[in-house]
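# Examination of the molecular architecture
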Amino acid sequence: MFNFFNSLQLTWRAWLCLYTLPGLAIAVYSFVKSYKERPSEFARNILKAMGRETSVRQHLENILVYSIAGTCILLGWPIYLVWWVVESKREAARLVEQNKSDFDCAPEYLIKQLSPSEAESTSYIVDPLRKTPDVPFGHLNQAWGLFLCDMLDPRDELWSFFIPQDKPTGKWGNAHSGDISGFAKVQDGKILGEFITEGD
Amino acid sequence: MTAQVAERLIYGDKEIPLFTNPLSLYLKQTGISFESPHTANWRGYVGTWEIIESDGVGRLYLVKLLAHKTYEEIIGLSDVFPSLDKVFAHWFTGELRCPQGAQLEYIHMGYASTYEYDLLMNFKQGVLVEKHARHNTMPDREVDPANIPPFLRKQSV
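Predicted model, so just to flag it, every value in this text is computed and none were measured. Every chain's residues receive numbers from 1 upward, in the order its sequence appears when written. Here chains are named by letter from A upward and ligands by number from 1 upward, in the order in which they appear as written. Side-chain atom pairs in this predicted model are given and counted only at pLDDT of 80 or more, local residue features only at pLDDT of at least 70, and totals for whole chains, interfaces and linings cover all residues.

### Quick look at the overall build of chain B
What counts as a helix is a DSSP run of H or I of at least four residues, what counts as a strand is a run of E of at least two, and both are numbered from the N terminus. Broken down by element type, chain B carries two helices and nine strands. Ordered by position from N to C terminus, the α and β elements of chain B give β-β-α-β-β-β-α-β-β-β-β. Radius of gyration: C-alpha atoms only; globule rule: 2.2 Å multiplied by the number of residues to the exponent 0.38. Against the globule reference of 15 Å for 157 residues, chain B gives a C-alpha radius of gyration of 20 Å, more extended than a compact globule. The principal-axis extents of the C-alpha atoms in chain B amount to approximately 75 × 40 × 25 Å. We call a residue exposed when 12 or fewer other C-beta atoms sit within 10 Å of its C-beta, buried when the count reaches 20 or more, and partly exposed for counts in between; the C-beta positions come from the backbone. With 157 residues in all, chain B has 24% of them scored as buried.

And the structure:
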């Protein structure tokens, strides 16, 4: 390999040019991306109306900052590339976490596995004014139907759950003023869906 | 977040503000959502509730609803619950909070303002279990200088 590079007989300037080529590509890509993400004309007009348009000095400062950043990328592009890969992975992980389903139920609150008919048997509502439909889970019957429709995989299990009042729930550890109970769609011990029959 | 418009509770012969949204669980379960007409009503509706006694047991009913289907179009209770004039909130287990008396502190967020006292009612599956009042005092917002980080303290010249 060393002999191969020697046989090319390139000057140090040529080597430097070769080295900076990927850096140049990255710098151009970054600047184009940054240009595309600049505030819209509408936003610029709003800022102008508020008397906060970019001054000549700020423009000059921006040119200086972009020049320094461009030189850094041009020469230190391997470091920039590593940083970019790490940052992309971190962003992807953040997005996965953000898009994760937010259920109140957690595996520790599951009580027992049961069949839909077992769940329905104790779900009828006592309403002396007879304003509640005489169907399982009363007004929540339609939601129950939708919940069951989503349990198509043969590995799906129906579990009842109960969360005591003082326990934090969900992704953000929300507090509740009362107990929460309902049914969960479980697969391999993992919560994939929930139907809450009582809560605040 | 702006302070939010309260739900209403018919209590005795009065209609009092209610700082709890008992309908939210029902809407979440059924996938119904409304349009917010302004920043003081992010949920897009205002419900009026009543505790109706039957056989010595108080139950929570939704008796009126004004909900924004769109910004302009307002729908009522019978649009969401066809052919019903009252809806038993059997899904509600938790505490209803009704602020009473003078406002001690205004907080520009949700239902976070403090009033002289709160009427608190606990429900289990829509059935009133117990109620009590809580007297509130003016929240202490005094800042202890010792707790201020050094970089935020005024530097002596």
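### Focus on the overall build of chain A
A count of helical and extended segments in chain A gives six helices and four strands. Element order for chain A, N to C, with α for helix and β for strand: α-α-α-α-β-α-α-β-β-β. Over its C-alpha trace chain A gives a radius of gyration of 30 Å, far above what one expects of a compact globule, namely 16 Å for 200 residues. Its C-alpha atoms put chain A at 90 × 60 × 30 Å along the principal axes. Counting the 200 residues in chain A, one finds 18% classified as buried. For chain A, long-range pairs separated by at least 24 residues make up 60% of all intrachain contacts whose partners lie at least 6 apart in sequence. Contact between two residues is assigned whenever their backbone-derived C-beta positions fall within 7 Å.

### Considerations on the interface of chain A and chain B
Between chain A and chain B, the residue contacts involve 21 residues of the former and 18 residues of the latter. Those elements giving two or more residues to the side of chain A that touches chain B turn out to be helix H6 (141–149) and strand S4 (190–198) of chain A. Broken down by element, the side of chain A that touches chain B gets its largest block of residues, four residues, from S4(A). Nonpolar residues are Ala, Val, Leu, Ile, Met, Phe, Trp, Tyr, Cys and Pro. Charged residues are Asp, Glu, Lys and Arg, and all others, Gly as well, are polar. Among the residues making up the side of chain A that touches chain B, the classes are represented as seven nonpolar, nine polar and five charged.

### Section: the domain arrangement of chain A
One widely used convention gives an interface's size as the accessible area the parts lose upon coming together. As annotated, the domain borders come from an automatic or database domain assignment. By the assigned domains, chain A splits into domain 1 (2–99) and domain 2 (107–198). Inter-centroid distance (C-alpha atoms) of domain 1 of chain A to domain 2 of chain A is 51 Å.

### Some words on helix H2 (residues 12–36) of chain A
End to end, H2(A) covers 36 Å across 25 residues, agreeing with the expected 36 Å (1.5 Å per residue, within 8%). For H2(A), the principal kink sits at Thr20(A) and spans about 35°; a proline, Pro22(A), occurs within the next four residues. The span expected for a helix works out to 1.5 Å for each residue beyond the first. Fitting axes to the seven residues that end at a residue and to the seven that start at it, the angle between those axes gives the bend at that residue.

### Thoughts on the nonpolar core
Residues and elements named next belong to chain B. The biggest cluster of nonpolar side chains holds 43 residues, and the ones touching the most others in it are Leu 60, Tyr 61, Leu 62 and Ala 89. By residue number, the principal contributor to this core is strand S4 (residues 57–68), which donates five residues. In contact with Leu 60, not counting residues within four places along its chain, are Pro 22, Trp 49, Ile 51, Ala 89, Phe 92, Phe 123 and Gly 126. The nonpolar core criterion groups buried Ala, Val, Leu, Ile, Met, Phe, Trp, Tyr and Cys residues into a set whenever they are joined through C-beta atoms within 7 Å.

### A short note on the pairing of S4(A)
Residues and elements named next belong to chain A. Note on pairing: two strands pair once DSSP finds at least 2 bridges between them. Looking at chain direction, strand S3 (residues 180–187) and S4 are connected through seven bridges and run antiparallel. Counterpart to Gln 187 in the pairing with S4 is Lys 190. As consecutive antiparallel partners, S3 and S4 are separated by two residues, and within that stretch Asp 188 has a phi angle of approximately 55°, a positive value.

### What about the sheet that holds strand S2 (residues 157–163) of chain A?
Residues and elements named next belong to chain A. In spatial order, the strands read S1-S2-S3-S4; together these four strands make up an open sheet with antiparallel pairing. The sheet terminates laterally at strand S1 (110–113) and S4, the two strands that pair on one side only. On average, each strand axis in the sheet is tilted by 30° relative to the strand beside it, whichever way the strands run. Relative to S2, S1 runs antiparallel, the two being bridged by three bridges. Counted as the bridge partner of Lys 112 is Ser 160 from S2. Only the stretch in contact is used when fitting a helix axis, every axis being a line fitted to C-alpha atoms; angles between N-to-C directions are given from 0 to 180 degrees.

### Thoughts on unusual backbone geometry
For Asp188(A), which is not glycine, the phi dihedral falls at a positive 55°. By the secondary structure assignment, Asp188(A) is in the loop between S3 and S4. Even without a glycine there, the phi angle at Asp55(B) is positive, about 55°. Among the secondary structure elements, Asp55(B) is positioned in the loop between strand S3 (45–54) and S4. For Asp55(B), a count of 6 C-beta atoms within 10 Å puts it in the exposed group.

### Some words on helix H3 (residues 41–49) of chain A
When you tally the buried positions in H3(A), you get zero out of nine residues, a small fraction of the element. Backbone geometry just after H3(A) places Gly51(A) at a positive phi near 75°.

### Topic: the packing of H2(A) against helix H4 (residues 56–99) of chain A
Between two packed helices, what matters for the description is the angle formed by their axes and the separation of those axes. All names here are of chain A. Packing of H2 against H4 leaves a shortest axis separation of 8 Å and a crossing angle of 130°. Here H4 runs oblique to H2, going by the angle between their axes. Along this stretch, H2 crosses H4, giving a crossing that reads as right-handed. Residues Thr 20, Pro 22, Gly 23, Leu 24, Ile 26, Ala 27, Ser 30 and Phe 31 of H2 form the contact with H4, whose own contacting residues are Tyr 66, Gly 70, Ile 73, Leu 74, Leu 75, Trp 77 and Tyr 80. For this classification, under 35 degrees means roughly parallel, over 145 means roughly antiparallel, 65 to 115 means roughly perpendicular, and everything else is oblique. Helix crossings are classified by the rotation of the near helix relative to the far one: an anticlockwise turn of less than a right angle makes the crossing left-handed, while a clockwise turn makes it right-handed.

### Considering the environment of Glu50(B)
Residue and element names in this part refer to chain B. If you trace the backbone, Glu 50 turns up in strand S3. Placed ten residues apart in sequence, Glu 50 and Leu 60 show a C-alpha to C-alpha distance of 5.9 Å. In contact with Glu 50, not counting residues within four places along its chain, are Ile 10, Tyr 61 and Val 63.

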